[in-house]
Amino acid sequence: MTAGLKDATQMNIKSVIGARMKLNLTTDYALRILIFLASKPEELHSIETLSRIYRLPHSSLMKIVSELARQGYVTSVRGRYGGIKLGQAASEINVGQVVRIMEESFEVANCAECLIQPQCGLRGVFAEAVNAFLSVLDRSTVADLIRNKADLVPLLTLSKAADNP
């Protein structure tokens, strides 16, 4: 094997070995927003409140809330006393579906640029792993994520959030 080919193969193997299933921040934030709203469904909440509690950028949360509203997961009420709340029951919001909507890609490794991709079975194994991952998420709703609501709600208050750096 030539030195260049050997190096390229080793780099591809290292990138596959180092690959890990990780959701993007948009999905992470979207799930946090839904958990918060589900834990206090009787109230309208401002994006500013969410930003301060989770210590996340207001502008990022605005974009995510907009997408969640577009998908029907969140309802937005305009005006001085407006805010956001869940657009449907927490038991109706499937975690796997939210993840599929918010994720840009489920590519575990960059197989398209790999030298051996045409004959390699790894792409199929990764596809199977992603399907298994999503299958587990499909079994959960946002209501499942807040089963310990009594312990969760105190953590989602401004005073507690401000105390925990």
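Everything below is about the structure printed above this text.
What you are looking at is a predicted structure, and each value in this text was computed from that prediction instead of being measured. (Residues numbered from 1 in each chain as written. Predicted model: local features only at pLDDT ≥ 70, side-chain atom pairs only at ≥ 80, totals over all residues. Heavy atoms only, no water.)

Peer 1: Describe the overall build of the chain, naming the residues involved and giving the relevant values.
Peer 2: Broken down by element type, the chain carries nine helices and two strands. Looking at the chain as a whole, 29% of its 165 residues qualify as buried. Contacts spanning at least 24 positions in sequence make up 71% of the contacts within the chain whose residues lie at least 6 apart. For the chain, the accessible surface area stands at approximately 10,300 Å², while carbon and sulfur atoms represent 54% of it. (Helix = DSSP H or I, 4+ residues; strand = E, 2+ residues; numbered from the N terminus. Buried < 20%, exposed > 50% of the residue type's maximum accessible area, 1.4 Å probe, protein only. Contact = heavy atoms within 4.5 Å. Areas by Shrake-Rupley, 256 points an atom, 1.4 Å probe, with all protein chains shown as cover.)

Peer 1: Lay out unusual backbone geometry with the relevant residues and their values.
Peer 2: Across the chain, the bulk of peptide bonds are trans and the bulk of non-glycine residues have phi less than zero. Of note, the phi angle at arginine 55 is positive, near 55°, even though the residue is not glycine. Of note, arginine 55 is situated in the loop between α3 (47-54) and α4 (58-70).

Peer 1: Account for the packing of helix α2 (residues 25-39) against α3, naming residues and giving values.
Peer 2: Put simply, α2 and α3 touch, their axes get as near as 11 Å, and they point 110° apart. Viewed along their axes, α2 and α3 adopt a mutual orientation that is roughly perpendicular. Taking contact as the criterion, the partners of Arg32, Ile33, Ile35 and Phe36 in α2 are, on α3, Thr49, Leu50, Ile53 and Tyr54. Looking at the contact of α2 with α3 residue by residue, the class counts come to six nonpolar, one polar and one charged. (Axes fitted to C-alpha atoms, helices over the stretch in contact; angles between N-to-C directions. Parallel < 35°, antiparallel > 145°, perpendicular 65-115°, else oblique. Nonpolar A, V, L, I, M, F, W, Y, C, P; charged D, E, K, R; others polar.)

Peer 1: How would you sum up helix α5 (residues 95-102)? Please name residues and give values.
Peer 2: What sets the pattern is the α-helix's 3.6 residues per turn: residues three or four places apart point alike. Along α5, the residues that are buried comprise Val95, Gly96, Val98, Val99 and Met102. What you see down the axis of α5 is that its buried residues fit within an arc of 160°, all on one side. Buried residues along α5 sit against α2, α4, α6 (122-138) and α7 (142-145). Between the side-chain oxygen at the start of α5 and the backbone nitrogen of glycine 96 there is a gap of 2.9 Å, and the oxygen is on asparagine 94. (Arc of directions from axis to C-beta. Polar contact = N/O pair within 3.5 Å; in protein donor to acceptor, adjacent residues only side chain to side chain.)

Peer 1: Can you tell me about the side chain of serine 39, naming the residues and giving the values?
Peer 2: Topologically, serine 39 is positioned in helix α2. Under the relative-accessibility criterion, serine 39 is labelled buried at 2%. A polar contact is formed between the side chain of serine 39 and the backbone oxygen of phenylalanine 36, at a distance of 2.7 Å.

Peer 1: Give me the lowdown on the nonpolar core, citing residues and values where you can.
Peer 2: Ile33, Leu34, Leu68 and Val74 are the most contacted members of the largest nonpolar core, which has 38 residues in total. At the level of elements, α2, α3, α4, β2 (83-86), α5 and α6 are the ones that each hand at least two residues to this core. The dominant element in this core, judged by the number of residues it contributes, is α2, at eight residues. If sequence neighbours within four positions are ignored, leucine 68 has contacts with Ala30, Ile33, Leu34, Tyr73, Val74 and Met102. (Core = buried A, V, L, I, M, F, W, Y, C linked by side-chain atoms within 4.5 Å.)

Peer 1: I'd like to hear about the pairing of strand β1 (residues 74-77), residue by residue, with values.
Peer 2: Sheet topology places β1 next to β2; four bridges connect them, and they run antiparallel. Bridge assignment links serine 76 to a residue of β2, and that residue is isoleucine 84. Following β1, the chain reverses through five residues before pairing antiparallel with β2; glycine 79 in that reversal takes a positive phi of roughly 110°. (Pairing = 2+ DSSP bridges.)

Peer 1: Help me get a handle on α3, residues and values and all.
Peer 2: Where α3 is concerned, the buried positions are Ile47, Leu50, Ser51, Ile53 and Tyr54. Positive backbone phi, at 55°, marks arginine 55, one or two positions downstream of α3.

Peer 1: Residues and numbers for the pattern of salt bridges, please.
Peer 2: Once their charged atoms are close, side chains differing in charge can pair, the charge on each being opposite to the other. The tally for this structure, following the rule as stated, stands at four salt bridges. Between aspartate 28 and arginine 32 there is a salt bridge, and its shortest N-O distance comes to 2.9 Å. With aspartate 28 and arginine 32 both in helix α2, this residue pair falls four residues apart, about one helical turn. On the basis of relative accessible area, arginine 32 is assigned to the partly exposed category, the value being 26%. Between arginine 147 and aspartate 144 there is a salt bridge, with its nearest N and O atoms 2.7 Å apart. (Salt bridge = Lys/Arg side-chain N within 4 Å of Asp/Glu carboxyl O.)

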